[in-house]
Every structure is written in C-alpha cells, then in structure tokens.
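Next come the chains, spelled out residue by residue.
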Amino acid sequence: MENSIVIYNTLTRKKEIFKPLVEGKVGLYVCGPTVYSNSHLGHARPNITFDLLFRFLTFSGYKVRYVRNITDVGHLENETEESGEDKISKKARIEKLEPMEVVQKYMNTFHRNMEDLNVLPPSIEPRASGHIIEQQQMIDSILANGFAYEVNGSIYFDVEKYNQHYNYGKLSGRNLDDIKTNTRELDGQNEKKNSFDFALWKKAAPEHIMRWPSKWSNGFPGWHLECSVMSIKYLGTQFDIHGGGMDLVFPHHECEIAQSTASLGEESVRYWMHNNMIKINGQKMARSLGNFITLDELFSGNHKLLQQAYSPMTIRFFILQAHYRSTIDFSNEAMQASEKGLERLMTAVKTLDELKPFNESTVDFTSIKEKCLAALNDDLNSPIAIAHLFDGVKMINSIKAGKEKIAANDLADLKAFYNNMVFDILGFKVEKAEENGGGKILDGAVELLLELRKNAKINKDWGTADKIRDELIEIGIEIKDTKDGVNWNLK
RNA sequence: GGUCUCUUGGCCGAGUGGCUAGGCAGCGGUCUGCAAAACCGCGUACGGCGGUUCGAAUCCGCCAGAGACCUCCA
C-alpha cells in the first residue's frame, strides 16, 4: 500500500508530506499520563488520536515503534498548594499509600480504560522512575555543554544562555523577550537566575518521599526531562514524530526541545503533532479545573452530568468524528448522536455478511474507498473518512433492500475494505451481544421465545406476541421484525 | 496584560474563493396486526459591518463573543 501521508507539523505550522527518517519505519513518541488519579475523558483523546495514527501507519505498511511513557515521578504543584511538594507523594499521604502503590493503582486503571477503548498498547511503555540514571546522564551532558547551572543541589536549565545559541520558543511561537515580561513570579524560584529557567534536577525537601541519590543531592528529576531522555533512548537521537496534547506545547515540549538540543547539539524531533482539547460547557475539561468526567464514570453513567452510560466505542466514535486538531464539545446530546451513528455503521458492517452476491454490480465503491484513504492521508481526517463510510452504508442498505446489486468479487472486496477501515484502522470493535459469554444458551432461549411468539402471531394472539416482545425489550433484548424473519440483539 | 485560535443549520461536526460533507434530532412516505428497526424523500447554514473579486461561509480590515497558552494539565 503506497500512501502519501500528510501531517500538520506544529513546528512549521504547516501540513507537510511525511517522510520517515528510515524508509519503511516510523519512530513515534507520545506523552502519556501522570498516574496520580483516574483517567478522564480528556485523556482518551490523545490516546485515541495517536492510536489511529499508529494503526494507520501500520496499515500503510510502516513498521512503527510506538513509545508512550508513564510519568510516575511527579513534579511540582502550583503556587496555591504548599510549595515544593510532589504531586504523587502528596496524594500518597492523603491515601496513606506508598507512592508506587498510587502509581500502580492508577496505571492499572489507565491500562484497563485504554483496553476498553480498544487503544492498542504501545511498543514500549517506559516509566520515568525507571530512567533516573539516564536522566542524570543527560543533565551531565547539558551541564558539560554549559547550558545548566547548579544551586544548592538543584540543577536548572539556563534558558537565556541557550537562547543565545538556539531558538527558545520556536515551537510555541514566542520569543524570550515576551516571556521575560510575562512570566509570573512563583514561590521557590529565588534560586533560579531567571524565572523562566526550569529544573532539571530538584533537591528534595525533607518531607518529599520520592527521591533518588545523585552527585548533586538526594532529589528527583524535572518533569520535562523524562520525555527527552526516553524518546532518545528508544527512538534515537533523531526520530520522526512526537505527539501529545496541545496544552503541552508550552512549556513542556518547548523545554524538551531545549534539553535535547542542549545535550545533543541538534534537535531530535522531526514532526510535532498536537491534539486539541475536549470542552465541557465551553471550557476545557481538565483535572485542575475539576470539570472532568472519568472514563469509568462514562462507562457506568455514574456522574451527575450524565443522562446515561456511554460505551467505550461510543466515546471512541465521538472522538474520531471530530478532527484531532479541533476542539470537541462534550454533551449528552452529542454522545447520544454518536451512539446512534456508531450503531448504524456497525449494523451495516454486520449486514455485509448477510448480503447475497449477484452476477453483476450496480454499485461502485471505488470512489468511497479512495476518498476514505485520501481523508486519512490528509492529516488523519477521520471525520471525513467516516462520512464516506456512511455513504457506503447507504449503498449497503440499498443492496439489502434489493434496490442495488453487488457481484461476489465486489462484495468480498467491500467486506475486506470495511473490515480494514472500521476495525483495523479506526479501531472499533463489536460490543454487546457477540462479546457476552454464554451466547449459546442465550441464543437457544431467545429462539424458543421467538418461536412461541411466531405461533402466537399465526393465531393472531397479539396479546401473547406483544408480551413476549415487550418483556424481552424490558430485559434488554431488542426484537426487529423484518421481511426475512425476526432479528434480535442485546441492547 | 502578552501570544494564538475559534465563531457553520435544532445539536455535534467537516469544508475553505464557484460543484453548497456526514451523523443525530425533526418532518413526510414505504413496510408492519401494532411497535421498533430498516428503506426512500425533505431542510441551502456559515457571528456583525465594510472591502477585494465576475463570484466569499472561504481572502483582507474593523467590531462583537468564546476559548487556549503564558502555572500542573491530555
């Protein structure tokens, strides 16, 4: 499959044709979660976006090494909290748990949520805590190159010095003069030469439990460092794509560029990709704003803003129905629309298996196939691809209704295409009925009831027929009378 | 305050100089004992005011509103 993929590069603010560094292979790094509380809807977005990218690149014939980290070291809280306390150790004290117990707990939840969303595991999932030595090594090289300084056992990155040789602010589109006049003064910054300098290594306060020995102090690495270190370690000093949420552009990714460049003398990332935010009531959904809904709450419907539960695939569809660089507005109405839309799509996929081939085709799916792939090639435009899939749904339904015909070879081709698109690339999976265990027993029982209902209908005993139907619906089994007989499925 | 982005029909969301996505909801019809589902058909929207152009939702300017980043954040 020869695809020419175009990617919007945040660095150049343009769409660029994607050319991997090494022919046929792609190195992809994505910023993963900080595991100190449950994952919420906002976290689903980058993971689904880059899952799509991972799947699409793989489908397009690339061998992809996908690295997504787990941040389990923690970094400084904001100024409203007692200063200098690590996020994870703070949480640990509240819950009377070991820091690594907190990490493990929320990492498990994250993994379970991702599996539910059918997000493929990355090729490598490195943890910051497992790369302390490598982080110290990078600090050494930055110090050796003269772009960092030590104060009281902490190491800070010298942004001004760096900016004399390189361009600090190139990713986020700001310049140091603006940053100088616009950076707020925060607590605990008196050690730094400039307020915009950032920590590479921080000496731990006595109450700070997460700490590692180093030649400078017992302490912990600065937040930005882990991504620079782990991306380079597993993907090389230069690699293809680095992704993450738009809110990470500044300062996180800006600092990553500075660190890697200060250490290596050259930049390591070739394409920067950033997904936009999910909004709720017109505002970004964020842990810090307290307006988030966790994935578990969405799956169970157990949240005061939710009118019902939404399945993982509904959430996946909801996210893929918008372009990854646009914001999406969360609402019950929008989620319910996604639920119905997805059902329509999945029903059509199932319908494909029921279609009977003719000798000839009166429909032509070629342009739909081409348009779907073209949309994905154009900066991962999943909403357009899905729109074209729905055009195909219309045709599939017309064939089923007997208004159009399809030949055997075209049908096989079409099935393969929908399987590729819906399952392999967009990453949907069949939920409900087919997945549930005990299928055979249930099948038998329902078939029996439907047989009784059929007899009742023949005898025009509408009371019994409707009782069977209505009560089955009541317990979650939907009955559909069609020309070819009765269909049923679990709701 | 600085930097940047957005404003599309009832809702969600694509598009971005002429060919007016898609989903959901709604309406009309077909089918059906009824219902559901399915199918067919229907809606000409792009914040306001100017400008450029043969032609603008799409380019430019101004105004209004919303948001993001500047601090942890996906």
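Considering the side chain of Ser 263
Phase 1: Note that Ser 263 resides in helix 8 (residues 249-264).
Phase 2: Leave out the neighbours within four places in its chain, and Ser 263 touches Met 138, Ser 141, Ile 142 and Asn 145.

Notes on the protein's contact with RNA strand B
Phase 1: What surrounds RNA strand B is a group of 63 residues, the closest being Lys 87, Trp 223, Lys 284, Met 285 and Asn 397.
Phase 2: Per the 4 Å cut-off to the protein, sugar and phosphate atoms form 63% of the nearby atoms of RNA strand B.
Phase 3: Between RNA strand B and the protein, one listed contact pairs a sugar or linking oxygen with a backbone N or O atom of Gly 245 at 2.7 Å.
Phase 4: With 8 residues, helix 13 (residues 382-400) is the single largest residue contributor to the surface near RNA strand B.

As for the packing of helix 13 against helix 14 (residues 408-425)
Phase 1: Look at helix 13 against helix 14: their axes get within 12 Å of each other, and the N-to-C directions meet at 145°. As for the relative orientation of helix 13 and helix 14, their crossing is left-handed in sense. Between helix 13, through Ala 385, His 388, Leu 389, Gly 392, Val 393 and Ile 396, and helix 14, the contact on the second element is made entirely by Leu 414, Phe 417, Tyr 418, Met 421 and Val 422.
Phase 2: Considered class by class, the residues forming the contact of helix 13 with helix 14 number 9 nonpolar, 2 polar and no charged.

With respect to the sheet that holds strand 10 (residues 269-275)
Phase 1: Within the open sheet, the 4 strands sit side by side as 4-3-9-10. Their pairing is parallel. Where the open sheet ends on each side, the last strands, each with one partner, are strand 4 (63-68) and strand 10. The average undirected angle you get between the axes of adjacent strands in this sheet is 20°.
Phase 2: The pairing of strand 3 (residues 25-30) with strand 9 (residues 239-245) spans 3 bridges and is classified as parallel. Bridge pairing in strand 9 links Val 30 to Gly 243.

Focus: helix 14
Phase 1: Here helix 14 spans 24 Å end to end across 18 residues, near enough to the 26 Å set by a 1.5 Å rise per residue.
Phase 2: All buried positions along helix 14 are accounted for by Leu 411, Leu 414, Phe 417, Tyr 418, Met 421, Val 422 and Ile 425.
Phase 3: Looking at the buried residues of helix 14, the elements they touch are helix 1 (41-59), helix 11 (332-354), helix 12 (366-377) and helix 13.
Phase 4: At the exit of helix 14 stands Gly 427, carrying a positive phi of roughly 75°.

Basis of the calculations
Each residue is numbered by its place in its chain's sequence as written, counting from 1. Throughout, the order in which chains and ligands are written sets their labels, letters from A for the former and numbers from 1 for the latter. Predicted model: local features are reported for residues with pLDDT of at least 70 only, side-chain atom pairs are reported and counted for 80 or more only, and whole-chain, interface and lining totals are derived from all residues. Excluding hydrogens and water, the side-chain values take into account all heavy atoms of the structure. The secondary structure listing takes helices from DSSP runs of H or I that are at least 4 residues long and strands from runs of E that are at least 2 residues long, numbered from the N terminus. The criterion used for residue contact is that any of the two residues' heavy atoms lie within 4.5 Å. One heavy atom suffices: a residue is near a molecule or strand as soon as one of its heavy atoms comes within 4 Å of it. We call two N or O atoms a polar contact when they sit within 3.5 Å, provided that within protein one can donate a hydrogen and the other can accept it, with sequence-adjacent residues counted only if both atoms are side-chain atoms. Here an angle of 0 to 180 degrees is reported between the N-to-C directions of two axes, which are lines fitted to C-alpha atoms, with helices fitted over the stretch in contact. Helix crossings get a hand from a simple test, with the near helix turned counterclockwise from the far one by less than a right angle marking a left-handed crossing and a clockwise turn marking a right-handed one. Classification convention: Asp, Glu, Lys, Arg as charged; Ala, Val, Leu, Ile, Met, Phe, Trp, Tyr, Cys, Pro as nonpolar; all other residues, Gly among them, as polar. Strand pairing requires that DSSP identify at least two bridges connecting the strands. Working rule for helices: expected span equals 1.5 Å times residues minus one. Exposed residues in this analysis have more than 50% of their type's maximum accessible area, buried residues have under 20%, and partly exposed residues fall in between, with area computed by a 1.4 Å probe over protein chains only.

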